[in-house]
Each structure stands twice: as structure tokens, then as C-alpha cells.
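Residue-level structural notes
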Amino acid sequence: MLVGPHASRTELEDFRALLKTRPHDYIAQPTLALSTVPTFVDSGIAPRHVDLRPFVLCGADRIRVVPGGLTRVALKDGSLVVNSSQGGGTKDTWILEN
């Protein structure tokens, strides 16, 4: 995995070689501007980037967004990588009624 806008020239060159060797093993996606939330870390509370994955159910007669979801968090300072397989984690997601 490579976050292009944050990669060094060496990282880009190394990744270019991997892409040329096995292009079918990679996908590209845009870099998103993720929000940050206060997160407990070893040094105390610090901002970390997050994304929210809502759950949507599609039935024969309607589409429904269920209360809740998966909030993924980048655990490393400054990181945009929120997926757990690359060092990210999760946070509790609370849905409050009005």
C-alpha cells in the first residue's frame, strides 16, 4: 500500500517497480481528506484521522440505513491509513436519537 501524496521519491520508485511487475495485484483510489477525532493513545489524547462506514440494507421494498456503523481510525500520528490490515483500528460509533 502506498499513499502517493505522502510518499518519498524512493518509495514512489520502489512502488513503480512493483506495479510494473504485478499490475493486477493493485488498485488505485483517490486520497480523501479525512476528519480527525480525539483518540486515546499512549501519550494521552491526540487527534487521529477516521472514516465512518455506515451499514445500508437493501430489501425488495426499500433501502434502509441502520443506526450504527464502523468507525475506522488511523492509529499512527498523521497517518491516513485506517484499515486494520495496515495498522488502523476501530472506535465505538454512537447513534443518538433527537
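Located above this text is the structure these notes cover.
The rules behind these values
- Residues numbered from 1 in each chain as written.
- Predicted model: local features only at pLDDT ≥ 70, side-chain atom pairs only at ≥ 80, totals over all residues.
- Heavy atoms only, no water.
- Phe/Tyr/Trp six-rings, centres within 6.5 Å; stacked < 30°, edge-to-face > 60°.
- Helix = DSSP H or I, 4+ residues; strand = E, 2+ residues; numbered from the N terminus.
- Buried < 20%, exposed > 50% of the residue type's maximum accessible area, 1.4 Å probe, protein only.
- Patch = residues over 30% accessible without salt bridge, like charges linked within 9 Å, V, L, I, M, F, W, Y side chains within 5 Å.
- Areas by Shrake-Rupley, 256 points an atom, 1.4 Å probe, with all protein chains shown as cover.
- Salt bridge = Lys/Arg side-chain N within 4 Å of Asp/Glu carboxyl O.
- Pairing = 2+ DSSP bridges.
- Axes fitted to C-alpha atoms, helices over the stretch in contact; angles between N-to-C directions.

With respect to the packing of aromatic side chains
- Taken as a whole and judged by the stated rule, the model has one aromatic pair.
- Between F15 and Y26 the ring centres are 5.2 Å apart and the planes differ by 70°, which places this aromatic pair in the edge-to-face class. Taken together, the positions of F15 in helix α1 (residues 9-21) and Y26 in the loop between α1 and β1 (35-41) put the pair eleven residues apart, joining distant regions of the chain.
- Judged by relative accessible area, F15 falls into the buried class, the value being 15%.
- Judged by relative accessible area, which is 30%, Y26 ranks as partly exposed.

Points about a nonpolar patch on the surface
- Taken together, V56, I63 and V65 make up a surface patch of nonpolar side chains, about 300 Å² in accessible area.
- Mapped onto the elements of the fold, V65 is located in strand β3 (residues 63-74).

Things to note about the sheet that holds β3
- Strand order across the open sheet formed by four strands is β1-β2-β3-β4, with antiparallel pairing between neighbours. Edge positions in the sheet fall to β1 and β4 (88-91), since each of these pairs with one other strand and no more. Strand after strand, the sheet turns through a mean of 45° between neighbouring axes, direction not considered.
- Sheet topology note: the β3/β4 ladder contains four bridges and is antiparallel. Bridge pairing in β4 places V73 opposite G89.

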